[in-house]
Amino acid sequence: MRTTSLFVCYILALLTVQRTAADSNIPTRIIKGFKASPSRGSAQFEPLLADITGVFAFGFLHIGSAKLDLAIIHQPSTQQVWRANPFNLANWGNSTTFSFNGNIVLTDETIQSNPIWSSKSGGGDYLALSNNSNLQIYASPSDSSIWQSFDYPFDTLVQGQKFSSASTASLVTADKRYTLRIGIAYLALFMEFSGSQELNYWKHTAIKANALKDIYAQVDPLGFLGIYYVSDGNYVDRIPFDSFERGLLGFHRLTLQSDGNLYASYWNNDTWVSVYTAQTEPCGLPSKCGAYGICIPGSPTQCTCLVNGTDGCLQSDSGDFCGNQNTGFSVIRKSGVTVEYTDIMETIPAESLDECEKSCEQSCVCWGALYSDAAKSCYIMDYPIQTVEKSGTSYKGYFKLRSNAQGPVAHKEKHRHKPGHRAVIAVVVIFTLTFAGMAAYGGYWWWDKKQNSLPIIQLGSAPKQQPVPEPNKDPDTK
């Protein structure tokens, strides 16, 4: 009964929004054959379609100074909640056309003849926007939905939208740097690198979930992210927001923002109120202080560096030390640093720091390691080094740095990552010392022999004078 009353209040609140679709003259339905291009003006958003309350609108969203994307915005705040094609933008101008022929199509003649983006649905008769921001294509006469934007999220989930492990959907930032994924029994945040490398820096595991059953997550208007089984809709878990059990405060959304953190907020008819942050410690975000940066908890804006580059800390790297990418590396050692997410890192037992370092040194995919002497554990970093945080002395860090990276040599010990390189170095050293010893012995032998060949002079006495023979005398001489 309480939930029903709250729902009625929420609907009444939507109906009392001052700006309705009728007031703004924005159509609430687009039928097959419709076409439109953006104007020559500089408007941030040009609506093509609105829901019946006028709270949400679909249209051309200005990106930068000269690009556009198809988007759905929350009109009172102009906050975007969905974008169609954020990674392949069209130009803002009359060369770009939106059309609906049973399929939503965006074209730009100056870029390519084929559509830049399409819903790839087909068979639709009209397009409409629901009052929870879901854009849908309907087929007549049954008015059944054959396509919906809720199945293709960008960086935001709104209340009522299902985010399922049974699909390939994920939330992603506009630069493709961060993603939120849902798997069987978990939600997780990742930082993406080129290739297949990734860094998992936040994870929520649904404890009661069956590891063999798909789940979906859904933002609830009562202030939580609910987790349910896809097969039967049964409740599994929830992540409560600060708005939980406070009634229907307003429309909720969950957004992956450009810093890599996940935030929930609700609209209070004036502003968006923040009610949830996934990573509550700013130093727990992998790029807070950049690659090879050190973040100080409590003062996250005060960053230092594991190693300095030409402009602050070093630029983020990618790849590994295997095969052709093995250009050699240097090592940075630093005590008293860690990360917030050691509990979800690859962990191996190690009795000593040296054992931990060797595990990373001998692996061409390892970029670094953190060692805890108390736990006798080695936490492997199989991704390019990002921000670490200051943590006292409980952890010791070992970090690789490519030989061609710009950093002070004084902070590094030179290593070449080749199998048996230590043995090779030992042989070279032994050979060098042996050769030097033989050369020294040979020099001494030659000097000693030379000395023994010289006349011996006794100190303190003059050399004996040899008698001078008298000249032969002529017997006839007197």
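Residues numbered from 1 in each chain as written. Predicted model: local features only at pLDDT ≥ 70, side-chain atom pairs only at ≥ 80, totals over all residues. Heavy atoms only, no water.

- Looking up the protein chain in an unreviewed UniProt entry gives the name non-specific serine/threonine protein kinase, with the organism given as Rhynchospora tenuis.
- Quoted straight from UniProt, the Subcellular location (unreviewed entry) entry for the protein chain says "Membrane".
- Database annotation for the protein chain, UniProt heading Function (unreviewed entry): "Involved in sporophytic self-incompatibility system (the inability of flowering plants to achieve self-fertilization)." (UniProt positions renumbered as here; feature names shortened; annotations may be inferred.)

**Details of the overall build of the protein chain**
Then comes step 1: Looking only at helices and strands, the protein chain features four helices and 35 strands.
Then comes step 2: A total of 478 residues make up the protein chain; the buried ones form 45% of that total.
Then comes step 3: Restricting to contacts in the protein chain with at least 6 residues of sequence separation, those with at least 24 account for 52%. (Helix = DSSP H or I, 4+ residues; strand = E, 2+ residues; numbered from the N terminus. Buried < 20%, exposed > 50% of the residue type's maximum accessible area, 1.4 Å probe, protein only. Contact = heavy atoms within 4.5 Å.)

**Details of the packing of aromatic side chains**
Then comes step 1: In the structure shown here, the tally under the stated rule is 18 aromatic pairs.
Then comes step 2: Here a set of aromatic residues connected by ring pairs shows up, and it is made of Trp82, Trp117, Trp147 and Tyr152.
Then comes step 3: Here the basic side chain of Arg29 rests over the ring of Tyr126, its NZ or CZ set 3.8 Å away from the ring centre.
Then comes step 4: Geometry around Phe321 places Arg402 over its ring, the cationic atom sitting 5.1 Å from the centre. (Phe/Tyr/Trp six-rings, centres within 6.5 Å; stacked < 30°, edge-to-face > 60°. Lys NZ or Arg CZ within 6 Å of the ring centre and 35° of its normal.)

**Observations concerning the pattern of salt bridges**
Then comes step 1: All told, the structure shown has nine salt bridges when counted by the stated rule.
Then comes step 2: Note that Asp69 is salt-bridged to Arg83, the shortest N-O span being 3.1 Å. Of the two residues, Asp69 is situated in strand β5 (residues 67-74) and Arg83 in strand β6 (residues 79-83); the sequence distance between them amounts to 14 residues.
Then comes step 3: Three or more residues joined by partner-sharing salt bridges are found here, namely Arg181, Glu192 and Glu198. (Salt bridge = Lys/Arg side-chain N within 4 Å of Asp/Glu carboxyl O.)

**Some thoughts on unusual backbone geometry**
A negative phi angle characterises most non-glycine residues, just as the trans form characterises most peptide bonds.
Then comes step 1: Pro141 follows Ser140 through a cis peptide bond whose omega is 0°.
Then comes step 2: Here Pro141 is to be found in the loop between β12 (135-139) and β13 (144-148).
Then comes step 3: A positive phi angle, close to 55°, is found at Lys120, a residue other than glycine.
Then comes step 4: For Lys120, a relative accessible area of 74% translates into the label exposed.
Then comes step 5: In this model, Asn269 sits at a positive phi of 75°, which is unusual for a non-glycine residue.
Then comes step 6: Along the chain, Asn269 falls in the loop between β24 (262-267) and β25 (272-277).

**Here we look at the sheet that holds β12**
Then comes step 1: Here four strands make up an open sheet; going across it, the order is β1-β11-β12-β13 and the pairing antiparallel. Only two strands of the sheet have a single neighbouring strand rather than two, namely β1 (30-31) and β13.
Then comes step 2: Sheet analysis places β1 next to strand β11 (residues 126-129), joined by two bridges and oriented antiparallel. Following the sheet pairing, Ile30 is matched in β11 by Leu127. (Pairing = 2+ DSSP bridges.)

**What to know about the state of the cysteines**
Then comes step 1: Throughout the structure, instances matching the rule amount to six disulfides.
Then comes step 2: Put simply, Cys305 and Cys313 are joined by a disulfide, and their sulfur atoms are 1.9 Å apart. Classification of the bridge connecting Cys305 and Cys313 rests on its S-S torsion, roughly -95°, and on that basis the disulfide is left-handed.
Then comes step 3: Since its relative accessible area comes to 24%, Cys305 is described here as partly exposed.
Then comes step 4: Between the sulfur atoms of Cys322 and its disulfide mate Cys364 the distance is 1.9 Å. Between Cys322 and Cys364 the disulfide shows an S-S torsion of about 85°. By sign, it is right-handed. In this pair, Cys322 is assigned in the loop between β27 (299-305) and β28 (329-335) and Cys364 in the loop between α3 (353-361) and β31 (368-372), connecting sequence segments 42 residues apart.
Then comes step 5: Across the protein chain, the disulfide pattern expressed with sequentially numbered bonded cysteines is 1-3, 2-4, 5-6, 7-10, 8-12, 9-11. (Disulfide = S-S within 2.5 Å.)

**A word on the pairing of β24**
Then comes step 1: Counting buried positions along β24 gives five out of six residues, so the element sits mostly inside the fold.
Then comes step 2: Strand direction decides the pairing type here: strand β23 (residues 252-256) and β24, joined by five bridges, are antiparallel. Within β24, the position partnered with His252 by the bridge is Tyr266.
Then comes step 3: The sheet contact formed by β24 and β25 spans five bridges and is antiparallel.

**Digging into the nonpolar core**
Then comes step 1: If you look at the biggest cluster of nonpolar residues, it comprises 67 residues, and the most contacted ones within it are Leu187, Trp202, Leu254, Tyr292, Met381 and Phe399.
Then comes step 2: Setting aside anything within four residues of it in sequence, one finds Phe399 in contact with Leu306, Ser330, Val331, Ile332, Lys334, Val337, Trp367, Gly368, Leu370, Met381, Ile385 and Val388.
Then comes step 3: Grouped together as the second largest cluster of nonpolar side chains are 32 residues, Ala36, Phe56, Leu127 and Val158 included. (Core = buried A, V, L, I, M, F, W, Y, C linked by side-chain atoms within 4.5 Å.)

**So, the pairing of β23**
Then comes step 1: Among the five residues of β23, five are classified as buried, and the element is accordingly described as predominantly covered.
Then comes step 2: In β23, alternate side chains face the same way, and those of His252, Leu254 and Leu256 on one face and Arg253 and Thr255 on the other are all buried.
Then comes step 3: Two elements, strand β14 (residues 156-158) and β23, share three bridges in a ladder whose sense is antiparallel. In the strand pairing of β23, Thr156 is matched with Thr255.

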